[in-house]
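A structural walkthrough
Residues per chain, in single letters:
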Amino acid sequence: MNILFKRAMKQLKLKQIGRNSFDPSGSVRVPQHKLELWPGYVTSIARKDGGLMLMMDVSHKVLRDESVLDFFYDLYAHHQHGFQEEATKQLVGSVVLTRYNNRTYRVDDIAWDKNPRSSFTNSAGQSILFKDYYKNQYNLTISDEEQPLLIHRPRKRSRPNEPTQVGALGGEERVICLVPELCNMTGLTDAARSDFRVMKDIAAYTKITPQERELSFKKFISNLQGNPAAMKEITSWGLQLGQDNLAAKGRILPQEKIIFQGRSVQVGTNGDFGREAMQEAMLTAVPLRSWIVICTKKDNSRAFEFINMVKRVSPPLGMEVANPTVKDLKDDRTDAYLQAIRESLHSGLQLVLCIFPTMRDDRYSAVKKMCCCEQPVPSQCINSRTLGNPQKLKAITQKIVLQINAKLGGELWSIEVPLKNIMLIGVDVFHKKGSRSVAGFVASTNRQMTRWFSRVIFQSEYQELMTGLQVCLSQALNKYHEANGTFPDRIIVFRDGVSQGQLSQVTDLEIPQLLECFKAYGDQYKPKFAMIVVQKRISTRMMALVGNQLRNPPPGSLLDHTITTGTTIKGFGGYDFFLVSQNVREGTVTPSHYHVVYNTSGLKPDHIQRLAYKMTFMYYNWPGTIRVPAPCQYAHKLAYMVGQSLLRDPSVELSDRLFFL
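The sections below set out a description of the structure shown in this document.

Calculation rules
Residues numbered from 1 in each chain as written. Predicted model: local features only at pLDDT ≥ 70, side-chain atom pairs only at ≥ 80, totals over all residues. Heavy atoms only, no water. Buried < 20%, exposed > 50% of the residue type's maximum accessible area, 1.4 Å probe, protein only. Helix = DSSP H or I, 4+ residues; strand = E, 2+ residues; numbered from the N terminus. Arc of directions from axis to C-beta. Contact = heavy atoms within 4.5 Å. Axes fitted to C-alpha atoms, helices over the stretch in contact; angles between N-to-C directions. Parallel < 35°, antiparallel > 145°, perpendicular 65-115°, else oblique. Left-handed = near helix turned anticlockwise from the far one by under 90°. Nonpolar A, V, L, I, M, F, W, Y, C, P; charged D, E, K, R; others polar. Phe/Tyr/Trp six-rings, centres within 6.5 Å; stacked < 30°, edge-to-face > 60°. Lys NZ or Arg CZ within 6 Å of the ring centre and 35° of its normal.

**Here's the deal with helix α3 (residues 83-91)**
Along α3, the residues classified as buried are F83, E86, A87 and L91. Along the axis of α3, the buried residues cluster in a sector spanning 115°; they form a single face. With respect to the buried face of α3, the exposed residues turned more than 90 degrees away are E85 and K89. Here the buried face of α3 lies against α2 (68-78), β8 (109-111), β11 (149-152) and β14 (183-186). Following α3 by one or two positions, G93 adopts a phi angle in the positive range, close to 100°.

**What to know about the packing of helix α14 (residues 469-484) against helix α15 (residues 503-518)**
Two elements in contact, α14 and α15, have axes whose closest approach is 9 Å; the angle formed by their N-to-C orientations is 40°. With respect to their mutual orientation, α14 and α15 come out oblique. By crossing handedness, the relation of α14 to α15 is classed as right-handed. Residues L469, Q470, L473, S474 and L477 of α14 touch α15, and the partners they reach there are E510, Q513, L514, E516, C517 and F518. Residue composition of the contact of α14 with α15, by class: 6 nonpolar, 3 polar and 2 charged.

**Notes on unusual backbone geometry**
In this structure, N102 takes a positive phi of about 50° despite not being glycine. Relative to the assigned elements, N102 resides in the loop between β6 (95-98) and β7 (103-106). Located in the positive-phi region is T562, a residue other than glycine, with phi close to 65°. When you line up the elements, T562 lands in the loop between β30 (557-559) and β31 (568-569).

**Observations regarding helix α11 (residues 334-344)**
Of all the positions in α11, only T334, A336, Y337, L338, A340, I341 and S344 are classed as buried. Among the structural elements, β18 (291-296), β19 (325-329), β20 (351-356) and α12 (361-374) are those in contact with the buried residues of α11.

**Remarks on the packing of aromatic side chains**
Across all of its chains, the model carries 30 aromatic pairs by this definition. In textbook terms, an aromatic cluster arises when at least three aromatic residues are bridged by ring pairs, as seen for Y100, F120, F130, Y133, Y134 and Y138. For the cation-ring pair, R363 lies above F356, with the distance from its terminal atom to the ring centre recorded as 4.9 Å.

Structure below.
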């Protein structure tokens, strides 16, 4: 059925890029950033509990005016030594667009030994130069005849009249050769993603409201039904399309009370308690008596303004802060920061705080490696620019103080969890091209879910399923026993990052590891156990009908019927539900999809739903609800830091603190 729908999309002149279809005729240019946006749709037909349904969402593809040849020129200017290796690393796996036929290709390799003057054999069996082919076929003149060619290996038989070349091994494999000058880059660079202005200008087109989204859906259905050829593809199999979005009755879970040191605060309907977090004393504050601040001489004045503000905002938050030792550096070399840290280390040091004049990944990674692996001590890195606005300094400092207390092992706030002697676990895996994947494992060690134990596992590149869970769980159980004098009676695992097609593999590989671990603690130890897979990269949308207007549903909105799939894996009758826990101010909110794939915990569906929502309040980097339960987000932050910056195991000495925030 999905194949039929893809055929219908082609009849509407939509171009397929990856799994989604886009409309080149509706493109929008963002000239100030040399970008172009193609509007499109994500579609999928699947059987749900409410019947056969079409899932559809609006999507956008970002195209760049920059050609691959321009990319080569810019890269060569910065990487003359090792240029080919760096180009291959950055380009292979990306998708490029050829404007002459509006087709996209995945770059599988770069043929450095070929150029536009090389020849290939066309479908008529004639030998022709690449530059002549493009001149004859598309009237395009290639300016740089020394550029290498890009290689695309089609998964299916190549299209007719493509410039193909027999594979080097002389086998049946055929490849499509592309000229970089005629290929445009797609997607955003890391620099663009970190540029606030770029993302803001793009968001003006991509972040659309629920009402605008519904209009896009109706326009698509109208265009589809008005195209006889497209409708023939669908109706020939007896399918019919409805006119309106599915209406289903959901629930809103009750809002929580946030517990601070002095009192409890009822959270509003937007799930935010930022004001209270800045005014109330933290649940448990760790006195900061020995810490150092390292900065350049240029940032010395900002450093002392920041220190004075720390001394000012800490008492209301319940935290005692002594004066730090300040070290001024002559320059901002990475070695200068590392040397200053080495010279300042002593057994009682609680915190290393570095103020960087600019944010550089290599310097940040070097400082984190030293403080998280070589000489374990909690660390905080701040961009000097962040401290430059006097009007915002107080609010920024308050957030930093909260984060520092969490890194020291303090507790910022808690919520009421009626379950006793329970351990919550979060698991997520970070992938990076060319590097080993890193699995983050985080487990609660107290009843209030305010203290966490963490470890990581290194795996093969792009390996999602974990093979070392037993070691992590065993260490977590020992830590829990050390803190509470007993082992947990109930263990709930929130597993992030698993796709729909991998759910059965989770039950085959990961759950048996965890269950096997319990046997090491004797035949009598059989804790109640549940595994919940959390999916946040989904295209399903939930919108609230208020009067005759569609709006974003408030945090706590839940739907556990009609669009669910009734997850059944390996004979276990699981279930699933959609939960909106975060508050969004722009665009349309995306719910998280929870799959309960294994459950002997004795908790009813309503209890698990409430527990999942409660945990979205417990992420200490944000005084409000987040998209996934806190254990998932902690596991993600841990895996990201290790995979992106540390590239090795963090010290066990820091495993009982949230050093990775």
